[in-house]
Amino acid sequence: MDRKKIVAGNWKMNMTYEQSVRLINELKKITNTNVEIKIAPSFTNLNSAIALLDSSSIEVIAQNVHFEQRGAFTGEISVEMLKSIGISSVIIGHSERRKYFNENDFILSKKVKVAIENSLSVIFCIGEELSEREKGNHFELIKNQIINGLFELNINQIKNVTLAYEPVWAIGTGKTAENFQIQEMHQFIRKLFEDKFGAEISKSMRILYGGSVKPNNAEEIFLLDDVDGGLIGGASLNFSDFNSIVEAANG
Ligand code: PEP
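As the structure is a computational prediction, the values presented were derived from the model and not from experiment. Note on numbering: residues in each chain are counted from 1, in written sequence order. Owing to the predicted nature of the model, reporting of local features is limited to residues with pLDDT of at least 70; listing and counting of side-chain atom pairs is limited to 80 or more, with chain, interface and lining totals taken over all residues. The basis for every side-chain value is the complete set of heavy atoms in the structure, and neither hydrogens nor water enter the calculation.

Counting from the N terminus, the helices are DSSP H or I runs at least four residues long and the strands are E runs at least two residues long. With respect to the secondary-structure elements, Arg3 resides in the segment before strand E1 (6-10). A polar contact of 3.3 Å, which involves the side chain of Arg3, links it to the backbone oxygen of Asp225. Within the structure, Arg3 has its side chain in polar contact with the side chain of Asp228 (distance 2.7 Å). When residues no more than four places from it in sequence are discounted, the contact partners of Arg3 are Arg190, Lys203, Ser204, Met205, Arg206, Asp225, Asp226 and Asp228. Definition of a polar contact: a pair of N or O atoms within 3.5 Å, with one able to donate and the other able to accept a hydrogen when the atoms are protein atoms, and with sequence-neighbouring residues admitted only if both atoms are side-chain atoms. Whether two residues touch is decided by their heavy atoms; if any such pair falls within 4.5 Å, the residues are in contact.

Right under this line is the structure:
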């Protein structure tokens, strides 16, 4: 099945307003691509990013959302707030949220539900720590993250989810997983979806790889059978690297 590739830039807690405007103005030069391009700026830069990309096919997405609809949750951002400025997708379960903000599977499944039930698409991140891989637990761990985070959704809801497999030991470390490790995990993930939701869903499900994707390794990673693009951290912060990665996905 032909699955359109996605290249999504996760800016994390980087970019002032001015830096964000500068990079977006460069990104606007990317045209003529078959790739779905997304960027996830910080909350403070979402509004301006949306305005700047008004006539562009680049989608602005959020890095996080709270699981309650509204109320006394100081510092948090709701689905309703995101939707009110024109956001329609959100990243949930990034390993940095799991690790530094104690977002466990229970919290993440609540976030997924509130997002999906309110018509936001989700990029759901999963990934194992190096210690888990060394113990040989990585397949079991990924399976549990997926079951706990996503398997209460129904068939129509799961269509609005994109997966991002990001081995934690490869994020921001310059260390990429070997191609065979990426492909075998993506294939494993696709099979889990087939067993739960059927072949049609599984074949159309997009599974991104994330973890030190750079211009020099993007092409070989994107050529792997079950890889449908990438979630890009560091290399999404400058135009030239991000553009090269988009070109690699364009084939
Ligand atoms: C990420 O944050 O999702 C990521 C993959 O980061 P990096 O590309 O910097 O490893």
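There is more to say after this.
With that out of the way, let us pick up the nonpolar core. In a soluble, globular protein the nonpolar side chains are often hidden away together inside. The biggest cluster of nonpolar side chains holds 67 residues, and the ones touching the most others in it are Ile146, Leu150, Val161, Leu163, Ile189, Phe193 and Phe222. Other than its neighbours up to four places away in sequence, Leu150 contacts Val112, Phe124, Ile158, Val161, Leu163, Phe193 and Phe197. We call a set of buried residues a nonpolar core when its members are Ala, Val, Leu, Ile, Met, Phe, Trp, Tyr or Cys and they connect through side-chain atoms within 4.5 Å of each other. Relative accessibility under 20% of the residue-type maximum defines a buried residue, over 50% an exposed one, and the middle range a partly exposed one, all with a 1.4 Å probe and only protein chains included. Membership of the second largest hydrophobic core comes to 10 residues, among which are Ile91, Cys125, Ala164 and Leu231.

Attention shifts here to the sheet that holds strand E2 (residues 36-40). Between any two strands, pairing holds if DSSP finds at least two bridges. Sheet architecture is open: eight strands sit in the order E3-E2-E1-E8-E7-E6-E5-E4, paired in parallel fashion. Two strands close off the open sheet at either side, each with one partner strand: strand E3 (59-60) and strand E4 (89-92). Two elements, E2 and E3, share two bridges in a ladder whose sense is parallel. Looking at the pairing, Ile39 lines up with Val60 of E3. Note on geometry: axes are C-alpha line fits, over the in-contact stretch for helices, and angles between N-to-C directions span 0 to 180 degrees. Along the sheet face, helix H5 (residues 105-117) touches E4, strand E5 (121-126) and strand E6 (161-165) and points at about 175° away from the line of E4.

What follows deals with the packing of helix H7 (residues 138-150) against helix H9 (residues 179-197). Axis separation between H7 and H9 bottoms out at 11 Å; the angle between their running directions is 40°. When the interaxial angle is binned, H7 and H9 end up oblique. Considering only the axes of H7 and H9, their crossing is right-handed. For the pair formed by H7 and H9, the contact residues are His138, Phe139, Ile142, Lys143, Ile146 and Leu150 on the first element and Glu184, Met185, Phe188, Ile189, Leu192, Phe193 and Phe197 on the second. The class makeup of the residues in the contact of H7 with H9 is 10 nonpolar, one polar and two charged. Comment on the angle field: the value is read as roughly parallel under 35 degrees, roughly antiparallel over 145, roughly perpendicular from 65 to 115, and oblique elsewhere. When the near helix sits turned anticlockwise from the far one by under a right angle, the crossing is termed left-handed; a clockwise turn instead gives a right-handed crossing. Three categories are distinguished: nonpolar for Ala, Val, Leu, Ile, Met, Phe, Trp, Tyr, Cys and Pro, charged for Asp, Glu, Lys and Arg, and polar for the others, with Gly belonging to the last.

In this section: the site of the ligand. The criterion for a residue being near a molecule or strand is simple. One of its heavy atoms has to lie within 4 Å of it. In the vicinity of the ligand lie 14 residues, with Lys12, Glu166, Gly172, Ser212 and Gly234 positioned nearest. About the coverage of the ligand: the protein hides 98% of its 290 Å² of free accessible area. Class assignment for the residues of the shell around the ligand results in four nonpolar, eight polar and two charged. For accessible areas, the Shrake-Rupley method is used with a probe of radius 1.4 Å. Any residue's cover is judged against the shown protein chains and nothing else.

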